[in-house]
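Chain residues, written in single-letter form:
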Amino acid sequence: MSKIKTSSFTKLLAYAKPYKGKLYFVVFWAIFLAIMTALRPFLLNFTIDNYLVDAKKETNIIQQYFEEFMQYFFAGNDNPTNLKVLVIIMFIALALEAIAQFYFTYLANWLGQDIIKDLRDKLYHHISSFKMKYFDNEPVGKLVTRSVSDIESIASIFSQGLFMIVSDVLKMIIVIAFMLVINWKTTGIVLVIMPVILIATNIFNRKMKVAFSEVRNEVANLNTFIQERLTGMKIVQLFNREKIELEKFEKINQKHNKAWLKNILYNSIFFPIADIISNISIGLVVYFGAIWIINGDTDTTIGQLVAFNMYITMLYNPLRQIADKFNVMQMGIVAADRVFEILDTEENVQDNGTIEASHFKGTIELKDVRFSYIKNEEVLKGINLKVQPGETIAIVGSTGAGKSTIINLLNRFYEINSGEITIDNRNINDYTLESLRKQIAIVLQDVFLFSDSIYKNITLHNETITREDVIAAAKKIGVHEFIMTLPEGYDYNVKERGVMLSSGQRQLIAFLRAYVSNPSILILDEATSSIDTHSEELIQKATDAITKDRTSIVIAHRLATVVNASKIIVMDKGQIVEQGTHQELLMKANGYYKKLYDSQFAVEVE
């Protein structure tokens, strides 16, 4: 449980391959930093034993070489100038350590940000290619968490975890090497104690892995809850749900709080234990070192004890920090597991088409099409339908009859269970997905506008559509005057989801957006179901303009808006029960359409 999940970690490392140059520099500065860090106590040991106390000891070969170096370049151990030189050398070592620390930290963070930039791009691209079925089952808040906070946690693997751990391990190895060079007996005391803290660190890591997993779960739950409630705040307030929703939020927040408290508890236990073990090591080194010096052991000196005091801190602090940084690693790996879970999800629409559709004549045919959102619960039950080029057909029926489902399948938002859908006598799977959707424009009942200007909501940042094109199109379908009444005209910011506009105004913007894209096929899905009479007149004018000379499918609840359609398709419970013109369908005395029309007309008269 304490081990890092290899698959996710290996996948993450693969994202570092394009940045090998930076990676090599990070490793170089990590090694250089470790050497500079371990050099200072060694210099201090030499200075104390050779200049501050009269130490008589046996020196090893490395220490002898260093003494000979000082004697050769300077005037011998008894020359005060040497002490000044040593102090200068220690200052230089400290400055080099600071420089190494800067470059190591900067490059490690830089590399981490580059990696998560690539990973976030790939995740967003992957999510945006999912079938609509995936979004039907996954909360938006969860996907937001994966794309934002989980990605940031992954960044910390590189900026605060992996490279820092590598640096700390290198420091520990080099520190132990220096300690062995100075005094192997004293080093033995330290190494005997080390397994205790290693065992404690291992236990700590296992506990933290579970704790961090709980934290990430609760963060996702919080994000999901807040995302949904903020989006639906009007409903919350309209139905006086504030208190009830607050109680729900408090329960979720309490679980999040408990998860973090468990994390804090483990930290509160581990770090004092690490400090105690570190202090015990220092105490044992000083105790036995002092006894050896008093007993005349020439291999042990005061300078060594001072140096070992520093080395123990250097040795145990990385152990404490490695545990802390391993926590960061664990949290990052947990986040990576969740991100790669999405990246490994095969919910993409299969884009295997090879035909680039530059324009459709507009022949649409559904042949025995069957489809279900939920397994074994068919929504469409063998639909057969043909639409001729330039024809405007209307699809009507009660709620749940399967009207909008046909549109979803035509655009390949979902894949059919069986049957075939063709455009211009070609299976829609034969066309590239981008070119297929480019030739089909949809105006939905619930118009979605981004927090941006009207102009950019119309063009959707398509640089091939100029402002002049937009204005000309707006005038043609009768929308220009309405837009110019707004404070900044086409540059008016409609805010999130277009809240600054009425339903009818949003619909007009949607009509204009569809029109400027110059589609071969136009679909209007309940586009006039919830607007006022004045807006309906404008939209009817816009409808006449944008449906002219192109194949159009109109899904309507209000039958008065489809009386002029070339053909009306009547659906009920996933099947086509009638089809014909308005007059033909009204002539069927007990027909489904006539009953629907009579009941709706009676309601409107009332």
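Keep in mind it's a predicted model, so treat the numbers as computed, not measured. The residue count restarts for each chain, going from 1 along the sequence in the order it is written. Restriction of local features to residues with pLDDT of at least 70 applies here, the model being predicted, together with a cutoff of 80 or more for giving and counting side-chain atom pairs; totals for whole chains, interfaces and linings are based on all residues. Side-chain metrics in this entry use all non-hydrogen atoms of the structure; hydrogen atoms and water are not considered.

1. Focus on the overall build of the protein chain
- Secondary structure summary: the protein chain contains 20 helices and 10 strands in total.
- Counting all 606 residues of the protein chain, 48% fall into the buried class.
- Taking all contacts inside the protein chain whose residues are at least 6 apart in sequence as the whole, residues at least 24 apart take part in 78%. Every helix listed is a DSSP run of H or I at least four residues long, and every strand listed is a run of E at least two residues long, numbered separately from the N terminus. Between buried and exposed lies partly exposed: a residue is buried under 20% and exposed over 50% of the maximum accessible area for its type, with that area taken using a 1.4 Å probe on protein chains only. Note on contacts: a residue pair is in contact if any heavy atoms of the two residues lie within 4.5 Å.

2. Some words on helix α12 (residues 403-410)
- Burial within α12 is extensive, with 7 of its 8 residues counted as buried.
- Among all positions in α12, only Lys 403, Thr 405, Ile 406, Ile 407, Asn 408, Leu 409 and Leu 410 are buried.
- In the segment just after α12, Arg 412 is the residue with positive phi, at about 60 degrees.

3. Some words on the nonpolar core
- Nonpolar cores were defined as sets of buried Ala, Val, Leu, Ile, Met, Phe, Trp, Tyr and Cys residues, with membership established by side-chain atoms within 4.5 Å. In terms of nonpolar packing, the biggest core is built from 43 residues, with Ile 454, Ile 477, Val 479, Ile 483, Ile 509, Leu 512 and Ile 568 touching the most fellow members.
- Here this core gets 8 residues from one element, more than from any other, and that element is helix α17 (residues 503-516).
- Aside from chain neighbours lying at most four places away, what touches Ile 454 is Ile 483, Leu 486, Gly 489, Tyr 490, Tyr 492, Val 494 and Ile 509.
- In this structure, Tyr 15, Leu 33, Met 164 and Ile 333 belong to the second largest nonpolar core, which totals 40 residues.

4. As for the side chain of Asn 427
- Along the chain, the position of Asn 427 falls in strand β5 (residues 426-427).
- Overall, the relative accessible area of 18% leaves Asn 427 in the buried class.
- N or O atoms closer than or at 3.5 Å make up a polar contact, with two conditions inside protein: a donor-capable atom paired with an acceptor-capable one, and, for residues adjacent in sequence, both atoms drawn from side chains. For Asn 427, the side chain forms a polar contact with the main-chain nitrogen of Asn 429, separated by 2.9 Å.
- Leave out the neighbours within four places in its chain, and Asn 427 touches Glu 420, Ile 421 and Thr 422.

5. What about the packing of aromatic side chains?
- The rule is short: rings of Phe, Tyr and Trp, with Trp giving its six-membered ring, pair when the centres are within 6.5 Å, and they are stacked under 30 degrees, edge-to-face over 60, tilted in between. Evaluation of the coordinates by the stated rule reveals 20 aromatic pairs.
- Between Phe 28 and Trp 29, the aromatic rings sit 5.1 Å apart at their centres with planes inclined by 75 degrees, giving edge-to-face as the arrangement.
- Between Phe 371 and Tyr 373 the ring centres are 4.7 Å apart and the planes differ by 85 degrees, which places this aromatic pair in the edge-to-face class.
- Through a chain of ring-to-ring contacts, the aromatic side chains of Phe 28, Trp 29, Phe 32, Phe 102, Tyr 103, Tyr 106 and Trp 110 assemble into a single cluster.

6. What about the sheet that holds strand β9 (residues 567-572)?
- Strand order across the open sheet formed by 6 strands is β6-β7-β8-β3-β9-β10, with mixed pairing between neighbours. In this open sheet, the two strands that pair with only one neighbour each are β6 (440-443) and β10 (575-580). Taking each pair of neighbouring strands and ignoring which way they run, the sheet shows an average axis angle of 20 degrees.
- Here β9 runs beside β10; their pairing, made up of 5 bridges, is antiparallel. By the bridge assignment, Met 571 is partnered in β10 with Ile 576.
- To define axes, lines are fitted to C-alpha atoms, for helices over the stretch in contact only, and angles between the resulting N-to-C directions are given on a 0 to 180 degree scale. Running over the sheet, α12 touches β3 (392-397), β6, β7 (521-525), β8 (551-555) and β9 and is turned about 145 degrees from β8.
- Contacting β6 and β7, α17 crosses the sheet at an angle of about 175 degrees to β6. One requirement defines pairing of two strands: DSSP has to find at least two bridges between them.

7. With respect to the packing of helix α8 (residues 184-231) against helix α10 (residues 242-294)
- The geometry of α8 relative to α10 is characterised by a closest axis approach of 9 Å and an angle of 170 degrees between their N-to-C directions. In terms of orientation, α8 and α10 fall into the roughly antiparallel class.
- Gly is put with the polar residues, along with every residue not named as nonpolar or charged; the nonpolar set is Ala, Val, Leu, Ile, Met, Phe, Trp, Tyr, Cys and Pro, and the charged set is Asp, Glu, Lys and Arg. Split by residue class, the contact of α8 with α10 holds 27 nonpolar, 8 polar and 9 charged. If an angle is under 35 degrees, it is roughly parallel; if it is over 145, roughly antiparallel; if it lies from 65 to 115, roughly perpendicular; otherwise it is oblique.

8. Quick word on unusual backbone geometry
- Look at Asn 376: it is not a glycine, yet its phi comes out positive at around 70 degrees.
- For Asn 376, the location among the structural elements is in the loop between β1 (364-371) and β2 (380-387).
- Within the chain, Leu 460 stands out as a residue other than glycine whose phi angle is a positive 50 degrees.
- Looking at where Leu 460 falls in the secondary structure, it is placed in the loop between α14 (454-459) and α15 (467-477).

9. Re the packing of α15 against α17
- In the contact formed by α15 and α17, the axes pass within 10 Å of each other and the chain directions differ by 120 degrees. In terms of orientation, α15 lies oblique with respect to α17. Seen along the crossing, α15 lies across α17 with a hand that is right-handed. Residues Asp 469, Val 470, Ala 473, Ala 474, Lys 476 and Ile 477 of α15 form the contact with α17, whose own contacting residues are Phe 511, Leu 512, Tyr 515 and Val 516.
- Looking at side-chain class alone, the contact of α15 with α17 contains 8 nonpolar, no polar and 2 charged residues. Two helices cross in a left-handed way if the nearer one is turned anticlockwise from the farther one by less than a right angle. They cross in a right-handed way if the turn is clockwise.

10. As for the pattern of salt bridges
- Every case where a carboxyl oxygen of Asp or Glu lies within 4 Å of a side-chain nitrogen of Lys or Arg is listed as a salt bridge. Scanning all chains against the criterion turns up 14 salt bridges.
- Note that Glu 214 is salt-bridged to Lys 262, the shortest N-O span being 3.2 Å. With Glu 214 in helix α8 and Lys 262 in helix α10, the pair connects residues that are 48 residues apart, well separated along the chain.
- The exposure class of Glu 214 is partly exposed, given its relative accessible area of 28%.
- Lys 367 is the salt-bridge partner of Glu 420, the closest N and O atoms lying 3.8 Å from each other. Residue Glu 420 is located in strand β4 (residues 418-423), and its partner Lys 367 is located in strand β1; the two are separated by 53 residues in the primary sequence.
- On the accessibility criterion, Glu 420 (26% relative accessible area) is partly exposed.
- Residue Lys 367 is classed as partly exposed on the basis of its relative accessible area, which comes to 33%.

11. Thoughts on the pairing of β9
- By the criterion of burial, β9 is predominantly enclosed, with 6 of the 6 residues buried.
- Side chains Lys 567, Ile 569 and Met 571 project from β9 onto one buried face, and the interleaved Ile 568, Val 570 and Asp 572 project onto a second face that is buried too.
- Note: β3 against β9, 5 bridges, orientation parallel. Paired with Ile 393 across the bridge in β9 is Lys 567.
- As consecutive antiparallel partners, β9 and β10 are separated by 2 residues, and within that stretch Lys 573 has a phi angle of approximately 55 degrees, a positive value.

12. Some points on the sheet that holds β1
- On the basis of which strands lie adjacent, the open sheet formed by 4 strands has the order β2-β1-β4-β5 and antiparallel pairing. The open sheet terminates on both sides in strands that have one partner only, identified here as β2 and β5.
- Where β1 and β4 come together, 5 bridges link them in antiparallel fashion. Counterpart to Arg 370 in the pairing with β4 is Ser 418.

13. Quick look at a nonpolar patch on the surface
- Judged by side-chain polarity, Ile 88, Ile 92, Leu 96, Ile 99, Phe 102, Tyr 103, Tyr 106 and Trp 110 come together as a nonpolar surface patch covering roughly 780 Å² of accessible area.
- Along the chain, the position of Trp 110 falls in helix α4 (residues 80-128). Only residues above 30% relative accessible area that lack a salt bridge enter a patch, with like-charged residues linked at up to 9 Å and the nonpolar side chains Val, Leu, Ile, Met, Phe, Trp and Tyr linked at up to 5 Å. Accessible surface is estimated by sampling points in the Shrake-Rupley manner with a 1.4 Å probe; for residues, cover comes only from the protein chains shown.

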